Amino acid sequence: MENKNNKLDILRHSTSHILASAVLDMFPEAKFGIGPTVEGGFYYDFDLPRTLIPEDLPILEEKIRAIIKQNLAFEKKQIDVKKAQELFKKAKQPYKVELIKDLVKEEKATLRQAQGKKVTIYKTGNFVDLCRGPHIDSTGEIKSDAFKLLKIAGAYWRGSEKNKMLQRIYGTAFENKKDLEAYLKKLEEAEKRDHRKLGKDLDLFSLPELAGGGLPVWHPKGAVVRQTIEDFWKKEHQAKDYKLVYSPHIGNINIWKKSGHWDFYRENLYSPIKIDTEEYLLKPMNCPFHIFVYQSQTRSYKDLPLRYAELGTVYRYERSGVLHGLTRVRGFTQDDAHIFCTPEQLSEELVRIIEFAVKMLKVFGFSDYDIFLSTRPEKFIGNEKIWDKATKALKYALDKTGLKYQIDPGEGVFYGPKIDIKIKDALDRAWQCTTIQVDFNLPERFDVSYIDEKGKKQQPIMIHRALLGSLERFIGVLIEHYAGAFPVWLAPEQVWILPIGSRHKEYALKVAEALKQQNIRVVVKNENETIGKKIRDGELQKIPYLLVVGDKEISAESVAVRERGKGDLGPIKLDKFIEKIIDEIKIKK
RNA sequence: GCCGAGGUAGCUCAAUGGUAGAGCAAUAGUUUUGUAAACUAUAGGUUGGAGGUUCGAUCCCUCUCCUCGGCUCCA
């Protein structure tokens, strides 16, 4: 069906056809959906008489190998739309018939009355598919040992939950066995880095069953990471003239009726809580509270821009099936801020924010990202003129920073256009974190104002922005990015001191005290274990520095340093080591 | 929410229609260790929860909660 024309995609898409052919062999009554390539492979959707089980995959792989061996040609044919309709109707392929119908519709819209319309079909053995191509010439071009079926999943026909759910088989194919193996290894590596697994192994957080879905608790070590990020974040914001504020976790339902969230965002809100005679909601957003702070006084144009920042915890209903570790939860803390400014200040503020975001992400080791500018969606508030103006301001700001970006049409929020930054982690996977949204809806609804130079009341523009997104998601991503081996400044435990024997305990405590004086997070491992065991534990816990101390170190006032990833560095004078680690903890900006 | 797979000790996993076992971790003792796992012993479980079938359920059935792979959605 859909196709990018590079060699690997053609190979993969052709493999998906062969998979379909193998499925047809297994289930003669199978109905076919679509079988496009996706990042890393391909899939094909089927409507089958029974549910597939994992054991079916090796059987299908065998069948695919048999087809490859036969070296069947991919025969391309242009046929009349009408004929194609009949062909697939006769073959009892309702999904294909539907696709042809839509193809015709599409063409009419663009080419009016295009006539003599043809569609392309491809035939491989007994399997005929509606497909634009291109394909490889024959099945023999696929290497028997360079493809693999990966998993079975449910997927709605044409991606809509109103439609029937089909069974999807994911697979991948490569030009040779080596590439396939490298790919599978990468998947394995991703699994090893999974923040849910590392969260358990490194004792960072957990999702207690009794707490309910998507509600994590932070263990002491995870809390250190979070606290360190929060402290850094607050300091940076204060330095950039943001004012830190706090707001409550619930609020009167009238706030959200006024803001429009009750109407536009209902499916993400939790049911109201009755308190006395009023109804309250768990807050899904921090913005109204920041508006209240703004409105606590009459504001002058001289006060603007006014920037309020808060690590604000919000609660949003997420469907049970989408919850995922720390990256998709039901209660999360946004590193939120709202900026009130005049229309003239908008562009400059946006530039400041984009630069701030990029700088912030860099501190955490993310320097590769994709930037998206999302424009007006179908469901929106306000008039088109003001949308255009805001979109232009965002574009202007992006152009001024010189960063590359793409337009994501129709993906804006209901109250305004936005810029999203998706960071790429160590495995090149994209994660959305930063979001910058221009809002002209809330100032209007809450009648937010300032007094201009002429003493006249004006409406400010409001910018919503989160740089890290949410602390939960961001730390989840960080864990995967660093594979749990946090840089020294973030590591929950920065140094372990390992006395060789019990007579070295006293010196170990002395060293620990010296490090603690410098606010270094240090643990003395006094357990009755061999040094080998302690080192193993330290490595598994990804501790940046393991300091072995014994007789030699005591007499030399030194420590034997083992650095994570570098092994034994040998003895270093204690003062020198302290200097080294202090230097390393300074966040490099 | 939907399709599918699961839930057994803190962790990783085993077993059975007759109320469960290993390794690691924990605890105690022995050992005093020089760069990735010392030795011995002890303790640890309403088999996610509720109901049902059965003489008897961890196992079979129903419901529910949670987790996992996807779909859809998203910070």
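Residues numbered from 1 in each chain as written. Chains lettered and ligands numbered in written order. Predicted model: local features only at pLDDT ≥ 70, side-chain atom pairs only at ≥ 80, totals over all residues.

(A) Expanded view of the sheet that holds strand β5 (residues 118-124). Taken in spatial order, the 3 strands line up as β4-β5-β6 in an open sheet, and their pairing is antiparallel. Of all the strands in the sheet, just β4 (75-80) and β6 (127-130) have a single pairing partner and so form its edges. On average, adjacent strands in this sheet sit at an angle of 30 degrees to one another, irrespective of strand direction. Note: β5 against β6, 4 bridges, orientation antiparallel. Bridging across to β6, Thr124 finds its partner in Phe127. This element, helix α1 (residues 7-26), spans β5 and β6 of the sheet and lies at about 130 degrees to β6. Packing against the sheet, helix α3 (residues 81-90) makes contact with β4, β5 and β6, and its axis sits at approximately 110 degrees to β4. (Pairing = 2+ DSSP bridges. Helix = DSSP H or I, 4+ residues; strand = E, 2+ residues; numbered from the N terminus. Axes fitted to C-alpha atoms, helices over the stretch in contact; angles between N-to-C directions. Contact = placed C-beta atoms within 7 Å.)

(B) Representation of the protein's contact with RNA strand B. With respect to spatial proximity, 57 residues lie near RNA strand B, and among them Gly154, Gly321, Gly469, Gly550 and Ala560 are the closest. Here the element with the most residues in the surface near RNA strand B is helix α16 (residues 531-540); it accounts for 7 residues. Residue composition of the surface near RNA strand B, grouped by class: 16 nonpolar, 20 polar and 21 charged. (Near = placed C-beta within 6 Å. Nonpolar A, V, L, I, M, F, W, Y, C, P; charged D, E, K, R; others polar.)

(C) A look at the domain arrangement of chain A. Domain annotation for chain A reports domain 1 (7-183), domain 2 (199-247 + 286-482) and domain 3 (495-585). Computed from C-alpha coordinates alone, the two centres of domain 1 and domain 3 are separated by 59 Å. (Domains from an automatic or database assignment.)

(D) Summary view of the UniProt feature "binding site: Zn(2+)" (unreviewed entry) in chain A. The positions UniProt marks with the feature "binding site: Zn(2+)" (unreviewed entry) are Cys287, His338 and His464. Taken together, the annotated residues stretch across 178 residues yet fold into one region, lying no more than 7.7 Å apart by C-alpha. Within the secondary structure, His338 sits in strand β16 (residues 331-341). The exposure class of His338 is buried, given the 27 C-beta atoms found within 10 Å. Those residues in contact with His338, other than ones at most four positions away along the chain, are Cys287, His290, Tyr308, Met462, Ile463 and His464. Mapped onto the elements, His464 comes out in strand β23 (residues 461-470). With near-sequence residues (within four places) excluded, His464 lies in contact with Cys287, His338, Gln437 and Asp439. (UniProt positions renumbered as here; feature names shortened; annotations may be inferred. Buried ≥ 20, exposed ≤ 12 C-beta atoms within 10 Å, placed from the backbone.)

(E) Examining the packing of helix α11 (residues 346-363) against helix α12 (residues 384-401) more closely. Two elements in contact, α11 and α12, have axes whose closest approach is 8 Å; the angle formed by their N-to-C orientations is 50 degrees. The angle between α11 and α12 falls in the class oblique. When you trace α11 past α12, the crossing you get is right-handed. Only Ala393, Leu394, Tyr396, Ala397, Leu398, Lys400 and Thr401 of α12 make contact with α11, whose side of the interface consists of Leu346, Ser347, Leu350, Val351, Ile354 and Glu355. Residue composition of the contact of α11 with α12, grouped by class: 9 nonpolar, 2 polar and 2 charged. (Parallel < 35°, antiparallel > 145°, perpendicular 65-115°, else oblique. Left-handed = near helix turned anticlockwise from the far one by under 90°.)

(F) Representation of the confidence of the model for chain A within the structure. Mean pLDDT for chain A: 92, with 97% of residues reaching 70 or above. Per-residue pLDDT, averaged within each element of chain A, yields its smallest value for helix α4 (residues 94-111) (76) and its largest for strand β11 (residues 243-244) (98). Segment residues 110-114 is flagged for pLDDT under 50; beyond a separation of four residues in sequence, or across chains, it makes 2 contacts in the model. Across the whole predicted complex the pTM is 0.93, and at the interface the ipTM reaches 0.93. (pLDDT = per-residue confidence, 0-100.)

(G) Summary view of unusual backbone geometry. Geometrically, the link from Leu304 to Pro305 is a cis peptide bond, its omega value of -5 degrees lying close to zero. Within the secondary structure, Pro305 is located in the loop between α10 (287-295) and β15 (306-315). Located in the positive-phi region is Asp203, a residue other than glycine, with phi close to 60 degrees. Residue placement: Asp203 occurs in the loop between α6 (195-201) and β9 (205-206). A positive phi is found at Asp447, a non-glycine position, where the angle reads about 55 degrees. Its location among the elements puts Asp447 in the loop between α13 (441-445) and β21 (450-451). By the C-beta count within 10 Å, which is 11 here, Asp447 ends up exposed.

(H) Just the sheet that holds strand β25 (residues 522-524), in detail. Strands sit in the order β25-β24-β26-β27-β28 across an open sheet of 5 strands; the sheet is mixed. The open sheet has two edge strands with one neighbour each: β25 and β28 (567-573). Here the strands of the sheet are splayed against their neighbours by 25 degrees on average, with no regard to which way each runs. Inspection of the sheet shows strand β26 (residues 545-549) paired to strand β27 (residues 558-563) by 4 bridges, in the antiparallel sense. Its bridge partner being in β27, Leu546 is matched across the sheet by Arg562.

(I) Summary view of the packing of α1 against helix α2 (residues 56-70). It is the contact of α1 with α2, at a shortest axis distance of 9 Å, that shows an interaxial angle of 115 degrees. Here α1 is positioned roughly perpendicular relative to α2, judged by the angle of their axes. Our pair here, α1 against α2, has a crossing hand that is right-handed. Side by side, α1 and α2 meet where Ile18, Leu19, Ser21, Ala22, Val23, Asp25 and Met26 of the first sit next to Leu60, Lys63, Ile64 and Ile67 of the second. Partitioning the contact of α1 with α2 into residue classes produces 8 nonpolar, 1 polar and 2 charged.

(J) Region of the structure containing the environment of Lys69. Along the chain, Lys69 falls in helix α2. Judged by C-beta crowding, with 11 C-beta atoms within 10 Å, Lys69 ranks as exposed. Separated by 162 residues in the primary sequence, Lys69 and Asp231 place their C-alpha atoms 62 Å from one another.

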